[in-house]
Amino acid sequence: MSQRSMFVHISKDSPLNLLHPLPKLASILMINTVALIIEAPIPFLILIILVMFAFRIAKVPLMRIWRLIVALVIVSQAVIISYVFTSRIPGKIIYEFPWGTYVSDMTLLFSLSMIMRYSTMLLGSTLILCTTSDRDITYGISSLKLPYSLAFIFTLAFRSTSIFIDDFAKVRDAMILRGTNFYKGSIVSRARSYAKLLIPLIFIALRRVVEYTYAVEAKGFTVTGKRTYLHRYDVKPRDIAISILLASAALFTFILKYWFGILSFPGWPLNMFFGR
Amino acid sequence: METVRGGIKPGHLVVSGVFGGICAGAALFSIIMVPIPGIPGGSGFWIPAGLYFALTLWFGFWGALAGHIGTFIGMGPFFGFTFQVWADGALGDFLAPLINLAIFRATRADPELKTGRDMGIWLISVIISTCLAAMWIHFVNYSFGTITFDLWKWGVIAYTIGDTLAVWIIGTLLLRSATKYIKTFPYYVKGLFS
């Protein structure tokens, strides 16, 4: 049996499915915070391997990772170009540019670290969201004692996206049938043609806003009042323990970097070789 | 229609949700049509910018929130639902229209853009707010190590030009053609929230 998450169908017996939305949101926060704190390439490598291993344990299809390769390639080339041409990272200088920046032996290593930082955040967030449904997000936001309205807006926006894409195709086809050419003229005139397409879409959306508002008000929805929930997500001691463990992991990473310097660039174990 | 504290109605939330979906769709479209290599979820012609600047002048905070959520949902499938994508693009796209709205409210300009004064305020406020958002966005990219400080100023200039053009082309058209009708809409916002 499989179940639909935000992106993919995953096995119903995935361990991450058993968790309350709260530790799932805590995981996203933790993986992003930890990645932001670390600067050292080897600890990043270890973290990425652990996240990949977590993909296997969570039974998330690895096909999801391959789709992210394009994003990683785009970001990687930008980071490398940015650091090679415009950075001054101290080290043994290999090449100095006329505009004052230089490439040192540390430049590529540091840019590699930054690529791994992005990769860690990307993989970690994807892993969690692959095992999270939009309902989990709604309940997760409520668990964090954030206003339910926020969860409502977020869920509605998610569902409206596909409706908008359908409307967009219909309006564009109607305009093409009436003689609009979206592929002719300068970039500005083409942009203006697309902008004109947004006007009917906005009026369609306004009509939807009125219809949806009547629907939610008819169901007793209020902005601030108390509400009941169809599904019950009880926070178990296991969920609290995992959330505390994740928060401790972020704190531990912070201490390792700022107290012991292990996670500062170039970090453990490279600092032994580079004498920093 | 039910009215609650502060005059915020369920309709205002629905405005954010529905238009958030539209901004997300427009963001997806922009990234596919005019991508910028290297900027996570970036596009050379950010269609949602024109949309959420106009939405914020019509629906205040709720329009900006639609831009914020829409941008995050739109950029996420390409570059991950990470802190970086949230903090740079999504938060920047939340701040920019709010700054523009603050300038409009302070100068008592009319979003219908009928007079030369209103038009002048619109054109200048878009540059100011886009430039401030660009500074924030590239500061976030610098903090996350994606760009260097030397590249920051070039990023700010490029982003300001690209986004300003998108807002001028799309936003102006939307404001001039639809504001008159949207002012009659029950969820038109005169202040910040209601």
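Provided above is the structure to which this section pertains.
The structure displayed is predicted, hence computed values, not measured ones.

Trainee: So what's going on with the overall build of chain A? Which residues, and what values?
Mentor: The helix and strand inventory of chain A stands at nine helices and four strands. Beginning at the N terminus, the succession of helices and strands in chain A can be written as β-β-α-α-α-β-β-α-α-α-α-α-α. For 276 residues, the compact-globule formula gives about 19 Å, and the C-alpha radius of gyration of chain A, at 24 Å, lies well above that figure. Taken along the three principal axes of its C-alpha coordinates, chain A extends 70 × 60 × 35 Å. Expressed as a percentage of its 276 residues, the buried residues of chain A come to 33%. Taking as baseline every contact in chain A between residues at least 6 positions apart, the subset at least 24 positions apart corresponds to 73%.

Trainee: Give a detailed account of the overall build of chain B, specifying residues and quantitative values.
Mentor: If you tally the helices and strands in chain B, you get six helices and zero strands. The helix and strand sequence of chain B, counted from the amino end, reads α-α-α-α-α-α. For chain B, the proportion of its 194 residues judged to be buried stands at 61%. In chain B, once contacts between residues fewer than 6 apart in sequence are set aside, the share between residues at least 24 apart is 69%.

Trainee: Account for the packing of helix α5 (residues 134–143) of chain A against helix α6 (residues 148–177) of chain A, with residues named and values stated.
Mentor: Residue and element names in this part refer to chain A. Where α5 contacts α6, the two axes come as close as 8 Å, and the packing angle between them is 165°. When the interaxial angle is binned, α5 and α6 end up roughly antiparallel. Crossing handedness for the pair α5 and α6: right-handed. Note on element contacts: α6 touches α5 through Tyr148, Leu150, Ala151, Phe154, Thr155 and Phe158, opposite Asp134, Ile137, Thr138, Ile141 and Ser142.

Trainee: Please provide a residue-by-residue account of the interface of chain B and chain A, values included.
Mentor: Between chain B and chain A, the residue contacts involve 52 residues of the former and 58 residues of the latter. Among the elements that make up the side of chain B that touches chain A, the one with the highest residue count is helix α1 (residues 10–33) of chain B (14 residues). Residues belonging to the side of chain B that touches chain A are distributed by class as follows: 33 nonpolar, 16 polar and three charged.

Trainee: Describe the nonpolar core, listing the residues and the values that go with them.
Mentor: In terms of nonpolar packing, the biggest core is built from 115 residues, with Val15, Cys23, Leu51, Ala66, Ala166 and Ile170 of chain B touching the most fellow members. Considering every element that reaches this core, the biggest residue donor is helix α4 (residues 105–130) of chain A, with 13 residues. Those residues within four positions of Ile170 of chain B in sequence are excluded, and the remaining contacts are Ala195 and Leu198 of chain A together with Ile47, Gly50 and Leu51 of chain B.

Trainee: I'd like to hear about helix α8 (residues 237–258) of chain A, residue by residue, with values.
Mentor: Residue and element names in this part refer to chain A. If you check α8, its first and last C-alpha atoms are 31 Å apart, about what 22 residues at 1.5 Å a residue would give, namely 32 Å. Within α8 the residues assigned to the buried category are Asp239, Ser243, Leu246, Thr253 and Lys257. Along α8, the residues classed as buried sweep out an arc of 80° about the axis, all on the same side. Exposed and facing more than 90 degrees away from the buried side of α8 are Pro237, Arg238, Ala241, Ile244, Ser248, Leu251, Ile255 and Tyr258.

Trainee: Which residues make up the environment of Leu201 of chain A, and what are the values?
Mentor: As for its placement among the helices and strands, Leu201 of chain A is situated in helix α7 (residues 187–218). Taking the C-alpha atoms as reference points, Leu201 of chain A and His20 of chain A, separated by 181 residues in sequence, lie 38 Å from one another.

Trainee: Lay out helix α4 (residues 83–107) of chain B with the relevant residues and their values.
Mentor: The terminal C-alpha atoms of α4 of chain B lie 35 Å apart, and with 25 residues this matches the ideal 36 Å at 1.5 Å per residue to within 8%. Along α4 of chain B, the sharpest kink reaches roughly 30°, centred on Leu91 of chain B.

Trainee: Requested: an account of the packing of helix α1 (residues 21–37) of chain A against α4 of chain A, with residues and values cited.
Mentor: Residue and element names in this part refer to chain A. At a closest axis distance of 9 Å, the pairing of α1 and α4 adopts a crossing angle of 175°. Judged by the inter-axis angle, α1 sits roughly antiparallel to α4. Across from Lys24, Ser27, Ile28, Ile31, Asn32 and Ala35 in α1, the residues of α4 making contact are Arg117, Thr120, Met121, Gly124, Ser125 and Ile128. Taken together, the residues of the contact of α1 with α4 break down into five nonpolar, five polar and two charged.

How each quantity is defined
- Along each chain, the written sequence defines residue order, and numbers are assigned to residues from 1.
- Chains and ligands are labelled sequentially in the order written, the chains with letters from A and the ligands with numbers from 1.
- Restriction of local features to residues with pLDDT of at least 70 applies here, the model being predicted, together with a cutoff of 80 or more for giving and counting side-chain atom pairs; totals for whole chains, interfaces and linings are based on all residues.
- To qualify as a helix, a DSSP run of H or I must reach at least 4 residues; to qualify as a strand, a run of E must reach at least 2; elements of each kind are numbered from the N terminus.
- Throughout, radius of gyration means the C-alpha value; the globule benchmark is 2.2 Å times the number of residues raised to the power 0.38.
- Partly exposed residues are those whose C-beta has more than 12 but fewer than 20 other C-beta atoms within 10 Å; with 20 or more the residue is buried, with 12 or fewer it is exposed, and the C-beta atoms are placed from the backbone.
- We call two residues in contact when the distance between their C-beta atoms, placed using the backbone, is within 7 Å.
- Each axis is a line fitted through C-alpha atoms, and for a helix only the stretch in contact is used; angles between axes span 0 to 180 degrees, taken between their N-to-C directions.
- When an angle is under 35 degrees it counts as roughly parallel; over 145 it counts as roughly antiparallel; between 65 and 115 it counts as roughly perpendicular; any other value is oblique.
- Each crossing is labelled by how the near helix is turned from the far one, with a counterclockwise turn of less than a right angle marking it left-handed and a clockwise turn marking it right-handed.
- Think of it as three bins: nonpolar holds Ala, Val, Leu, Ile, Met, Phe, Trp, Tyr, Cys and Pro, charged holds Asp, Glu, Lys and Arg, and polar takes everything else, Gly as well.
- Residues enter a nonpolar core if they are buried, belong to Ala, Val, Leu, Ile, Met, Phe, Trp, Tyr or Cys, and are joined to the set through C-beta atoms within 7 Å.
- What a helix is expected to span follows from its residue count: subtract one and scale by 1.5 Å.
- The arc in question is the one spanned by the directions pointing from the helix axis to the C-beta atoms.
- Here the bend at a residue is taken as the angle between two axes, fitted respectively to the seven residues that end there and the seven that start there.

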